[in-house]
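Structural overview for review
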Amino acid sequence: MTQDFAGPPRPEVNENDISKSLDIVAVNPYHGTQDEFDGEGSSYEGDYSRSLKHTNYLVTETNADTIGWDSKNQYPPYDGQLRLDVYTHLSSGANMVEYWHWHSIHYGQETYWKGILGHDLEPGRPYQEMSKTAHELRRIGPQIADLKRTSPVGILYSSDSYWGIEFMKFSDHDNYRTILKQMYHVLYKSNAGVDFVFPDSTNFSDYKVIVVPPLYVASDALLSELVDYVRNGGHMVMAFKSGFTNEFDTVRWTTMPGPLREAAGFHYQEFSNLRQPLPLKGDPLHAGDENKVSDWAEMLTVDTAEPLAFYDHAFFGKYPAMTRNSFGKGSLTYEGTVLSDTLQTKVLLDVLQRAGVAGPDQSLPPSVRAKHGTNRNGKMVHYFLNYSSEEQSFSYPYGAGTELMTQAAVAQSQKMTVKPWDLILIEER
Amino acid sequence: MTQDFAGPPRPEVNENDISKSLDIVAVNPYHGTQDEFDGEGSSYEGDYSRSLKHTNYLVTETNADTIGWDSKNQYPPYDGQLRLDVYTHLSSGANMVEYWHWHSIHYGQETYWKGILGHDLEPGRPYQEMSKTAHELRRIGPQIADLKRTSPVGILYSSDSYWGIEFMKFSDHDNYRTILKQMYHVLYKSNAGVDFVFPDSTNFSDYKVIVVPPLYVASDALLSELVDYVRNGGHMVMAFKSGFTNEFDTVRWTTMPGPLREAAGFHYQEFSNLRQPLPLKGDPLHAGDENKVSDWAEMLTVDTAEPLAFYDHAFFGKYPAMTRNSFGKGSLTYEGTVLSDTLQTKVLLDVLQRAGVAGPDQSLPPSVRAKHGTNRNGKMVHYFLNYSSEEQSFSYPYGAGTELMTQAAVAQSQKMTVKPWDLILIEER
Amino acid sequence: MTQDFAGPPRPEVNENDISKSLDIVAVNPYHGTQDEFDGEGSSYEGDYSRSLKHTNYLVTETNADTIGWDSKNQYPPYDGQLRLDVYTHLSSGANMVEYWHWHSIHYGQETYWKGILGHDLEPGRPYQEMSKTAHELRRIGPQIADLKRTSPVGILYSSDSYWGIEFMKFSDHDNYRTILKQMYHVLYKSNAGVDFVFPDSTNFSDYKVIVVPPLYVASDALLSELVDYVRNGGHMVMAFKSGFTNEFDTVRWTTMPGPLREAAGFHYQEFSNLRQPLPLKGDPLHAGDENKVSDWAEMLTVDTAEPLAFYDHAFFGKYPAMTRNSFGKGSLTYEGTVLSDTLQTKVLLDVLQRAGVAGPDQSLPPSVRAKHGTNRNGKMVHYFLNYSSEEQSFSYPYGAGTELMTQAAVAQSQKMTVKPWDLILIEER
């Protein structure tokens, strides 16, 4: 029994509950192509799908050629992208890649949702690339199928918080989803392995770092578990509005952030939108032009927390924009405002460093993504995928092994070159 | 018997008629805060409310802390603004200031329409400031309550004209309300005391100057009273489209401006929208970058009026954009087009000067507003309110008196300094 | 029996079928005035109306003074424009010009849809100009009425293709109509005489050049007639997507462009939208800043056609953007993408040249339009209409004759001067 989730996480659907009734999770990751192809969409949906049952999953639909319910967004993949997409799915834990459709259809809504064969039913460019990839997989499949991923970072996903914020939006352009996606984006670009966790998860302690988008709706019990996670040594990064309402979307009648106050090390009674983005005073995170926060500012007063940055503003200047509190054996880093992508990157990389989970993957070229897992034979497998039209080079940082496409031996620290829209795939010895 | 008007004047509501059944008028002036707090919104609604029954009025609701039906526009007042707002209302003629709510609520549509107490029900920053102000008023209230205001300028408000123009809009961004608000804005920034008058008012002759936003819908009787006002020595500033239709919104079948023709001293048969703003030829009002008119151009031919400015344009250049006609003992200044704020300021200040109602209030610093009235003891009371984050200084131009907050004696021409978001309040001896 | 078509061609209305039941076609060409008056709208609707029954037609309504269902777009004609508009209609083949309304009305939806008389019912500027023109026509009418036009260029109009593309739009801003209008615009500005032809027309061979906007919906029979037209010596310019679906809007299951393949000399299986406009490599048509194509790119592979230009892009660079194929005695020029106006002008003028229908009309000043026809006496009549506020001069390139307004004799190559918003009208001897 399976179900093909479309574009998860989708707040209208509780994939977490539905998955409890499934034998295996399936997902249909459709994504940008041409210059917009960067593997992020497929990895986001893949990481989420893999986290639902802590197992591998199926890709039941994905881009064959162009997609669309009209002909306004027809973007056939550049040469190499259809193949790189297959390996993107496999590296995220997919055990199958299936297309919608086999051939393009000639009438109706999905006329321009094209298949592996075009409207003329003849083999063409997409067919040739799929065929080449399929023959490769017949050869190397046994060494990469059923990849087991282990992630140091968990992202807490709360669809209730999405809805609570939607009912009382804090911005016309930002919302729960944009902050969630920003946090994921930063982790993805940093090559940090990520799982998703849920309010009813019982495995928070599996993660060195838990990242919490605005947890606007949360029961006392959930907040208490998060506090315990920190007390017991976890490192948590938490966004504004967390803890504001209980599980019934009712504002807590305690000084904020309610039950999180001791772990967070601050309190607040007031908050403000920001009409214009504000800089942080003195650019403490060295973000340059991106030294700016926006939309929302909680007027925090620290109890035991250390302020990490202050607003550069006559009135708001007395309130810290971000804090960090050491609590028990762990730490809680809090963002009282909306950070620029660069500031979010600085904050999250700093916490990864403190949690001891930073490493050589953070030094790869910007367009190269690393993914790692263990195959059926218990050997480490390393993917290096190049999402760009330019060749990329780097020093291979892991144990000696074999590049599976070429069957060439690879030594640690060996210089590797990966072609445009291509990958290197190494099995350690 | 009272009724709390929300955001008057509101064309869907005939506050003028309703007020005839009330004992006292009440109003709920909600307004911008933080950098948008300038007292104008509260003064506009206050001047209007005071004019309905020619009496003082009640403020039944106003901003306690943040307001909004979501959390997108939460702007808690800067320190000092909540107090300055109270004195803004009192200086406009309010005899009470009441808040909505006492405490912030925890569920439902007005969750973020916050009260004097926050969600935690504890005294906080807004409570402290309200408390300070209330203690002040216990002390100085008797000297400022029941302030009697006398205004040299009347603005004619016609909700029928609002609707007539809405049915046949002349612009996507300008309308009756924007022109009305522009005229009020200029008078407010110039510290000219303003009342509102209505089509059925019988006290036009109380005013040195009457300002008329586009009086698109008007009976012959009303036009005749306005003509009499000018004939008898009044100075009138009138916007385009005035007199175009009768009280049934039917276009007059006479050459325009119909019954106003003799007093206005011009006629016209045609009019045009303006695709782009046009400059006035030779910048006759010295408006610099703001020497531009827009949206509408009546193709005026003067009979006895003096043209004040011409369009700088090959075709429209032969038609005056503004005229002034001496008629009887008074004058009618006519604007055949939409003026920039600077041009409107120049026109209105010039008419104030001609009407002999200009004075030292027009020389105050830009962020300082002056309001005047007579208290119960028949003494003049002068407010100087500083709507800015910077200290302001000026020479006090009125009779010697006592500053009520400090009880210090003040001499005429004494240099006064008013702190950010603060006020000086002087009772003459 | 007649019917006043409003704004044809209008895809909701099959004017071509309706006209078969009419004695004479009537049309209501409303158009831009003031700086937007260029005669194009009236000529477009006039050329279309004349083509419906291959006869002259009636103008049953057109701009008297301003038009509009509100007062947002009131643009009375500049002096001379009302008269020039009459001659624009007559030069397109109108046999009558009638106004809506006689006098402006005082109430209701068309209050601002003004007539020859204004709201005051008195003669004014528009009346004076109409009266002058009417007296002129009483004099010269017999020499210009019933003008017979002969056009070297046909534009194929397919309302089915409009709808097929609307159902599966390729762009948010471009569609069948914008490409059709661009092609007409280029021909109009080039003073090429244009008729419209239809899918059921049997007179394709009357035209030296047939221009085909995206013929997305077409039966095999129609495509076969177009192929025959080229084979027999016609010169065709055809836009992208032509031949893609059959008469039931079903995509053909052959390699594209289906039955057009041999005449077109290329085939394609894939196509892409363009996220950003692309330049053509090396600016082969010397279009400068306008060397750009957009929105759509068919990935053409030439069989026998000559590529005219390639995309300047890493991936798309291998596909030609435009091709030309010599086929039988004619040629098919194909545009696989959306051209800038300048590129479209270069392509169409080049084809006019090749078809031998270019001439001195392509060298007139940019604001002067030439129209030609034969009057009842079999004599050639030449209109030169100046759509600008500046005087224009040119050398008269046709046979000696008489200027009808002035009755002055005119020799071939004589230098002529035409005043702003005025015309010269010559009957050959």
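Calculation notes
- Sequence order sets the numbering: in each chain, residues are counted from 1 along the sequence as written.
- Just so you know, chain letters begin at A and ligand numbers begin at 1, following the order they were written in.
- Thresholds applied to this predicted model are a pLDDT of at least 70 for local features of residues and 80 or more for the giving and counting of side-chain atom pairs; totals over whole chains, interfaces and linings are not thresholded and use all residues.
- Only hydrogens and water are set aside when side-chain values are computed; all heavy atoms of the structure are taken into account.
- For this overlay, a least-squares fit was computed on C-alpha atoms, restricted to residues scoring pLDDT of at least 70 in both copies.
- For this analysis, residues touch if any pair of their heavy atoms sits within 4.5 Å.
- The quantity reported as buried area is the accessible area (1.4 Å probe) lost by two parts once they are put together, taken as the sum for both.
- Salt bridges are defined by distance alone: a side-chain nitrogen of Lys or Arg within 4 Å of a carboxyl oxygen of Asp or Glu.
- Throughout this description, a polar contact denotes any pair of N or O atoms lying within 3.5 Å of each other; where both atoms belong to protein, one of them has to be capable of donating a hydrogen while the other can accept it, and for residues adjacent in sequence the pair is counted only when both atoms sit in side chains.
- Going along the chain from the N terminus, every DSSP run of H or I of four or more residues is numbered as a helix, and every run of E of two or more is numbered as a strand.
- Each residue receives one of three labels: charged for Asp, Glu, Lys and Arg, nonpolar for Ala, Val, Leu, Ile, Met, Phe, Trp, Tyr, Cys and Pro, and polar for the others, Gly being one of them.
- When two rings of Phe, Tyr or Trp (its six-membered ring) have centres within 6.5 Å they constitute a pair, described as stacked for plane angles under 30 degrees, edge-to-face for angles over 60, and tilted for the intermediate range.
- When accessible area is computed with a 1.4 Å probe and restricted to protein chains, residues below 20% of their type maximum are described as buried, those above 50% as exposed, and intermediate ones as partly exposed.
- Here, over-ring charges are defined by two tests on the NZ atom of lysine or the CZ atom of arginine: distance to the ring centre within 6 Å, and angle to the ring normal within 35 degrees.
- When DSSP finds two or more bridges between two strands, those strands count as paired.
- Axis geometry follows a simple rule: fit a line to the C-alpha atoms, using only the stretch in contact for helices, then measure angles between N-to-C directions, giving values from 0 to 180 degrees.
- Any angle from 65 to 115 degrees is called roughly perpendicular, while one under 35 is roughly parallel, one over 145 is roughly antiparallel, and all others are oblique.
- Handedness of each helix crossing follows the sense of rotation of the near helix against the far helix: counterclockwise by less than a right angle gives left-handed, clockwise gives right-handed.
- How far a helix is expected to stretch is found by multiplying one less than its residue total by 1.5 Å.

1. Quick notes on the relation of the copies chain B and chain C
Once turned by 120 degrees and shifted 0.1 Å along the axis, chain B lies on chain C with an RMSD of 0.1 Å. Put plainly, the chains are arranged around a three-fold axis. Of every C-alpha in chain B, the one belonging to Asp 172 of chain B sits nearest the axis of rotation, 13 Å from it.

2. Observations concerning the interface of chain A and chain B
Of the residues lining the interface, 30 residues belong to chain A; the matching set on chain B comes to 30 residues. Here chain A meets chain B over a buried area of about 2300 Å², counting both sides, of which 51% is carbon and sulfur. The largest share of the area that chain A buries against chain B comes from Met 168, Glu 270 and Arg 275 of chain A, three residues that together contribute 28% of it. Joining chain A to chain B, the criterion identifies four salt bridges. Note that Lys 318 of chain A is salt-bridged to Asp 79 of chain B, the shortest N-O span being 3.6 Å. For the pair chain A and chain B, the interface holds 21 residue pairs in polar contact (both at pLDDT 80 or more). In terms of residue count, strand 10 (residues 271–278) of chain A provides more of the side of chain A that touches chain B than any other element does, five residues in total.

3. Some thoughts on the interface of chain B and chain C
Taken residue by residue, the interface counts 30 residues in chain B and 30 residues in chain C. In total, about 2400 Å² of surface goes out of reach between chain B and chain C, with carbon and sulfur atoms giving 51% of it. Taken together, chain B and chain C are joined by four salt bridges. In this structure, the connection of chain B to chain C is made through 20 residue pairs in polar contact (both at pLDDT 80 or more). For the side of chain B that touches chain C, the element with the highest residue contribution is strand 10 (residues 271–278) of chain B, accounting for five residues. Taken together, the residues of the side of chain B that touches chain C sort by class into 14 nonpolar, eight polar and eight charged.

4. Quick look at the packing of aromatic side chains
Going through the model one piece at a time under the given rule, you end up with 90 aromatic pairs over all chains. Consider the rings of Tyr 112 of chain A and Phe 271 of chain C, whose centres lie 5.9 Å apart with planes at 65 degrees: the pair is edge-to-face. You can see Tyr 112 of chain A sitting in the loop between strand 4 (94–97) and helix 4 (125–144) and its partner Phe 271 of chain C sitting in strand 10 (residues 271–278), one on each of two chains. Between Phe 266 of chain A and Tyr 334 of chain A the ring centres are 4.6 Å apart and the planes differ by 55 degrees, which places this aromatic pair in the tilted class. Of this pair, Phe 266 of chain A sits in strand 9 (residues 266–267) while Tyr 334 of chain A sits in strand 15 (residues 330–335), placing them 68 residues apart in sequence. Accessibility classification places Phe 266 of chain A together with Tyr 334 of chain A in one group, the buried group. Across the ring face of Tyr 75 of chain B, the terminal group of Arg 275 of chain A is positioned such that the distance to the ring centre comes to 3.8 Å.

5. Some details on the sheet that holds strand 2 (residues 26–28) of chain C
All names here are of chain C. Within the open sheet, the four strands sit side by side as 1-2-3-4. Their pairing is parallel. Where the open sheet ends on each side, the last strands, each with one partner, are strand 1 (4–6) and strand 4 (94–97). Across the sheet, the mean angle from the axis of one strand to that of its neighbour is 30 degrees, orientation sign disregarded. Relative to strand 4, strand 3 (residues 57–59) runs parallel, the two being bridged by two bridges. Following the sheet pairing, Tyr 57 is matched in strand 4 by Ala 94. Sheet contacts for helix 3 (residues 81–92): strand 3 and strand 4; angle to strand 4, the most-contacted strand, approximately 150 degrees.

6. Let's talk about the packing of helix 2 (residues 40–53) of chain A against helix 3 (residues 81–92) of chain A
All names here are of chain A. Between helix 2 and helix 3, whose axes approach to 9 Å, the crossing angle comes to 30 degrees. One finds that helix 2 runs roughly parallel with respect to helix 3. In this structure, helix 2 meets helix 3 at a crossing whose hand is right-handed. Here Ser 42, Ser 43, Gly 46 and Arg 50 of helix 2 come into contact with helix 3, specifically with Asp 85, Thr 88, His 89 and Ser 92.

7. Some thoughts on helix 3 (residues 81–92) of chain B
Residues and elements named next belong to chain B. Helix length check: helix 3 (twelve residues) gives 16 Å between terminal C-alpha atoms against 16 Å at 1.5 Å per residue, within 8%. Taken across its twelve residues, helix 3 has twelve buried, putting it largely inside the fold. Directly beyond the C-terminal end of helix 3, a positive phi value near 115 degrees is found at Gly 93.

8. Some thoughts on the pattern of salt bridges
Summed over the entire model, instances satisfying the criterion amount to 66 salt bridges over all chains. For Asp 79 of chain A, the salt bridge identified is with Arg 125 of chain A, shortest N-O distance 2.8 Å. Of this pair, Asp 79 of chain A sits in the loop between strand 3 (57–59) and helix 3 while Arg 125 of chain A sits in helix 4, and the two are 46 residues apart along the sequence. We classify Asp 79 of chain A as partly exposed; its relative accessible area is 38%. Notably, a salt bridge pairs Arg 83 of chain B with Glu 136 of chain B, separated by 3.1 Å at the nearest N-O pair.

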